[in-house]
Protein chains: 2
Amino acid sequence: MTYKFAKGVASLKPSIIREILKSSGNTIPLAAGNPAPDAFPVDDIKEIVNSVFESNPVLALQYGISEGYAPLVEKLTELAKTRYGVGADSDALIITSGAQQVMSLMSQCFVNHGDCVICEEPSFIGALNCFRSFGARLSGVPVDSDGINIEALEEKLKTEENVKFIYTIPNFQNPAGITMSLEKRKAVYELAKKYGVLVLEDNPYGDLRVSGEPVPAIKSFDEEGVVVYSGSFSKIVAPGIRVGFVLANKEIIAKLTVAKQTQDVHTPLLSQLIVYKWLTEYDFEAHINKIVEIYRRKLNLLCDCIDKELGDFLTYHRPEGGLFVWAKLNDGIDMLDFVKKASAAGASVVPGNAMMVDGEAECSYIRLNFSTPSDEDIVKGVKILGEVARSL
Amino acid sequence: MTYKFAKGVASLKPSIIREILKSSGNTIPLAAGNPAPDAFPVDDIKEIVNSVFESNPVLALQYGISEGYAPLVEKLTELAKTRYGVGADSDALIITSGAQQVMSLMSQCFVNHGDCVICEEPSFIGALNCFRSFGARLSGVPVDSDGINIEALEEKLKTEENVKFIYTIPNFQNPAGITMSLEKRKAVYELAKKYGVLVLEDNPYGDLRVSGEPVPAIKSFDEEGVVVYSGSFSKIVAPGIRVGFVLANKEIIAKLTVAKQTQDVHTPLLSQLIVYKWLTEYDFEAHINKIVEIYRRKLNLLCDCIDKELGDFLTYHRPEGGLFVWAKLNDGIDMLDFVKKASAAGASVVPGNAMMVDGEAECSYIRLNFSTPSDEDIVKGVKILGEVARSL
């Protein structure tokens, strides 16, 4: 039988990352994006799960409501306000199956085939492919060292038709590692208001700041229901439990809730109970301080190794947090050739074009991750990259 | 700000069930569809979760692949063949976040706005709303006492444009309680082949057979990759963990996997490990026998109560399994009036129009559930319904 797939999914290409790295099974994983396993609060979660099954197993096993476990929704609404400075009386919050589901719910609720989503370029491939799969036309705006280029963004808003939202990761952007300045955050908000376009503010890495001062969220300026704010517990608790949340104007949340019901009814209760009890009964601030220490050490180690082994072959902007370093190979080095040879030599990195709106265009960037490999493997892996660079 | 929702979501009406039952908070829940809590293998799951955190907590907490935990995929592929008689060499299977996600992935992968999905009428509202939210045009085919009306189905296949799939629940259909005959299953398969349309066979209740003999799945005839088969652990393990699966031709599964990645990356590992260990280390056949006993008792109790209290006011077809009884109120009883008065009197049932393609059309059916209420509440609830019927 010949299958007639929907337009958005039919035109989706297999991930360039997967293609290039197919043969990289046993390489050092500088390409990955997994949080460090020693950053998981394993003992806390074990205790929580035991106590859930001691006290109220049926709560963890029966159907729940699509909005999420009510005490968790309440706790996060409070935390959003006190810790992240976001959330107005006209807003509501629901629990999602990771922040990835926020991308998907926003697409389902706003994107008709051919509508435009404006995104930073480069950006997170999981979000780009999600928007594409729902038939969105992506329009990329370059990222400067202080965040999205405001002139280019306004030009897009003036010229693109049916723009549904602007997708941005203001803190330690994936992959560029850039943190958007306060001025630019305000400018993005003003432009969104002016052109009647939503902002989807994705903040999975916000708590992983290893240097510099926190910058207020775009959502913190929002008085008109223009900003949809997405958070995640994948990086501060654990990704395998799949818990995120979305905070937005109640009218939007009502639609996202209906869409969530059609996607997975609700996020598993056990996952929600883990996060709820961890936030209310454990010292999560202490845990975040602990993991920030781990990531600071690993980021510094990666940068030191890059400076030593690859200083002659690339340039990069040192991020203030997050999980990634985005580096531009010097002129004369063929990026795809470098990535393939590195993989064959035993160290995998992400080819930058995978993170672009037009994956076919010339690109001289690579993305390096420091959270997945051990410290020892960071040293070994970058050494391999240095050898490959010198051999070209 | 005025929000411009996508067409499929914008036109979605709030659930009639929710509207009607808004004030039914403290009523006896004959309207619900929750499995009976005493049917959950609570002690098994508690042991499993403890052992996971003793032996390999990082496996349960780190990112996994979108296809699902590989040993579970393997085990389910084997079980699909040996227990349910489905799955060919050209097929593959992935884990989903409940069977609801299969509806959603199929919509994302196949439905362009305005495409047609043919469904049984009545049918599961969670599936209908899912298809609608992706912009599908629903076309309903009546259900006879032995399953979907084949002549009406062929007429639809001849006349409807851009039909993407036929959605069917062949075992103990929700809400009609009907089991499709072997002849009709073969006829549906042949028609799907003839007209080049997929079948989405949803089988959440198949294991809950309390009388009669099992009938082979439509997927069991499939030699051409025409049938997409969906299974669930919500009714035989627990719904709160959100684990289901989909089995289909590899080409379809490849697209569904990409879509799953855009929706929630993967189903929580802890949920998958619970199902995997339960299937491999516990006597799940004994558990299914045990819960079938529970459901047989409760179904018989409900039917006995209906015969006694409501025999003069409605007719129904006694189902061979599942969770629901679908009953037609006699002429002269206004169904919506009955449902509202029943809710006010302390017993909630689902108004049948909520399960119809056209929810505005005249409908004299109600759906009663016997898994959620206790035995005592089944007796009390139906007694209330009888009093309401007599008062009209």
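Given the structure is predicted, the values throughout are model-derived calculations rather than measurements.

Criteria and cut-off values
- Residues numbered from 1 in each chain as written.
- Chains lettered and ligands numbered in written order.
- Predicted model: local features only at pLDDT ≥ 70, side-chain atom pairs only at ≥ 80, totals over all residues.
- Heavy atoms only, no water.
- Domains from an automatic or database assignment.
- Contact = heavy atoms within 4.5 Å.
- Buried area = accessible area lost by both parts, 1.4 Å probe.
- Salt bridge = Lys/Arg side-chain N within 4 Å of Asp/Glu carboxyl O.
- Polar contact = N/O pair within 3.5 Å; in protein donor to acceptor, adjacent residues only side chain to side chain.
- Helix = DSSP H or I, 4+ residues; strand = E, 2+ residues; numbered from the N terminus.
- Nonpolar A, V, L, I, M, F, W, Y, C, P; charged D, E, K, R; others polar.
- Pairing = 2+ DSSP bridges.
- Axes fitted to C-alpha atoms, helices over the stretch in contact; angles between N-to-C directions.
- Buried < 20%, exposed > 50% of the residue type's maximum accessible area, 1.4 Å probe, protein only.
- Parallel < 35°, antiparallel > 145°, perpendicular 65-115°, else oblique.
- Left-handed = near helix turned anticlockwise from the far one by under 90°.
- Least-squares fit on C-alpha atoms with pLDDT ≥ 70 in both.

Colleague: What should I look at first to understand the domain arrangement of chain A in this one?
Modeller: Buried accessible area, meaning the area lost when the parts come together, often serves as the stated size of an interface. Residue and element names in this part refer to chain A. Taken as a whole, chain A is organised into domain 1 (7-40 + 286-391) and domain 2 (42-281). Centre-to-centre, using C-alpha coordinates, domain 1 lies 25 Å away from domain 2. If you look at the interface, domain 1 gives 30 residues, while domain 2 gives 37 residues. Both faces considered, domain 1 and domain 2 share a buried interface measuring about 3000 Å² in area, 67% of it formed by carbon and sulfur atoms. The interface formed by domain 1 and domain 2 contains one salt bridge. For the salt bridge of Arg209 with Glu320, the shortest nitrogen-to-oxygen distance reads 2.6 Å. Where domain 1 touches domain 2, the interface holds 12 residue pairs in polar contact (both at pLDDT 80 or more). Of all the secondary structure elements, the ones that give two or more residues to the side of domain 1 that touches domain 2 are α1 (7-10), α12 (284-310) and β11 (324-329). No other element matches α12, which puts seven residues into the side of domain 1 that touches domain 2. Its residues placed into classes, the side of domain 1 that touches domain 2 shows 19 nonpolar, six polar and five charged.

Colleague: Even after reading the chapter, I still don't get the sheet that holds strand β14 (residues 365-369) of chain B, so can you show me in this structure?
Modeller: To summarise the sheet geometry, strands pair through backbone hydrogen bonds and adopt either a parallel or an antiparallel arrangement. Residue and element names in this part refer to chain B. Across the sheet, four strands lie side by side as β10-β11-β14-β13; this open sheet has antiparallel pairing. Edge strands, defined here as strands with exactly one partner in the open sheet, are β10 (314-316) and β13 (350-351). Two strands pair when backbone bridges link them, and strand β11 (residues 324-329) and β14 are joined in this way by five bridges, in the antiparallel orientation. Directly across from Trp326, in β14, lies its bridge partner Arg367. Those strands touched by helix α12 (residues 284-310) are β10, β11 and β14, and its axis lies near 150° from that of β10. Sitting on the sheet, helix α13 (residues 335-345) touches β11, β13 and β14, and the angle it makes with β14 is about 35°.

Colleague: Explain the pairing of strand β8 (residues 227-232) of chain B to me, please; I cannot follow it from the model alone.
Modeller: Within a regular beta strand, the side chains point alternately toward one face of the sheet and then the other, so they alternate between its two faces. Residues and elements named next belong to chain B. In terms of burial, β8 is a largely internal element, six of the six residues being buried. Side chains Val227, Tyr229 and Gly231 project from β8 onto one buried face, and the interleaved Val228, Ser230 and Ser232 project onto a second face that is buried too. Where β8 meets strand β9 (residues 244-249), four bridges bridge the pair, whose relative direction is antiparallel. From the neighbouring strand, Ser232 faces β9, where its bridge partner is Gly244.

Colleague: Looking at this structure, I do not really get the packing of α12(B) against helix α14 (residues 375-391) of chain B. What am I missing?
Modeller: For any two helices packed against each other, the geometry is given by the interaxial angle and the distance between the axes. All names here are of chain B. Packing of α12 against α14 leaves a shortest axis separation of 9 Å and a crossing angle of 25°. It follows from the interaxial angle that α12 and α14 lie roughly parallel. Crossing angle aside, the handedness with which α12 passes α14 is right-handed. Of the residues in α14, those touching α12 at Arg297, Lys298, Leu301, Leu302, Cys305, Ile306, Glu309 and Leu310 are Asp375, Ile378, Val379, Val382, Lys383, Leu385, Gly386, Ala389 and Arg390. Taken together, the residues of the contact of α12 with α14 sort by class into 10 nonpolar, one polar and six charged.

Colleague: Which parts of the structure should I look at to understand the interface of chain B and chain A?
Modeller: In this assembly, 73 residues from chain B lie in contact with 73 residues from chain A. At the surface where chain B touches chain A, the tally comes to two salt bridges. The closest approach of N and O atoms between A:Glu54 and B:Lys46, which form a salt bridge, is 3.0 Å. On the surface where chain B and chain A come into contact, there are 28 residue pairs in polar contact (both at pLDDT 80 or more). Taken together, the elements giving at least two residues each to the side of chain B that touches chain A come down to α1 (7-10), α3 (42-55), α4 (57-61), α6 (100-110), α7 (125-133), α10 (250-264) and α11 (269-281) of chain B. Sort the elements by how many residues they give to the side of chain B that touches chain A and α10(B) lands first, with eight residues. Looking at the side of chain B that touches chain A, its residues break down into 37 nonpolar, 23 polar and 13 charged.

Colleague: Even after reading the chapter, I still don't get unusual backbone geometry, so can you show me in this structure?
Modeller: Backbone geometry follows two general trends: most residues other than glycine have a negative phi, and most peptide bonds adopt the trans configuration. A cis geometry characterises the amide bond from A:Asn174 onward to A:Pro175, with omega recorded as 10°. Inspection of the secondary structure assignment puts A:Pro175 in the loop between β6 (163-168) and α9 (182-195). For the bond from B:Glu121 to B:Pro122, the omega torsion is 10°, close enough to zero to count as cis. Following the sequence through the fold, B:Pro122 ends up in the loop between β3 (116-121) and α7. Residue A:Val265 is not a glycine yet carries a positive backbone phi of 65°. When you line up the elements, A:Val265 lands in the loop between α10 (250-264) and α11 (269-281).

Colleague: Just to check I follow, could you spell out the relation of the copies chain B and chain A for this structure?
Modeller: What relates the two chain copies is a rotation about an axis together with a slide along it. Expressed as a screw operation, the relation of chain B to chain A combines 0.0 Å of axial shift with a rotation of 180°, fitting to an RMSD of 0.0 Å. Look at the turn and shift together and you get a two-fold axis relating the two. Comparing interface residues between copies, 100% of those in chain B also sit at the interface in chain A, which points to an isologous, same-surface contact.

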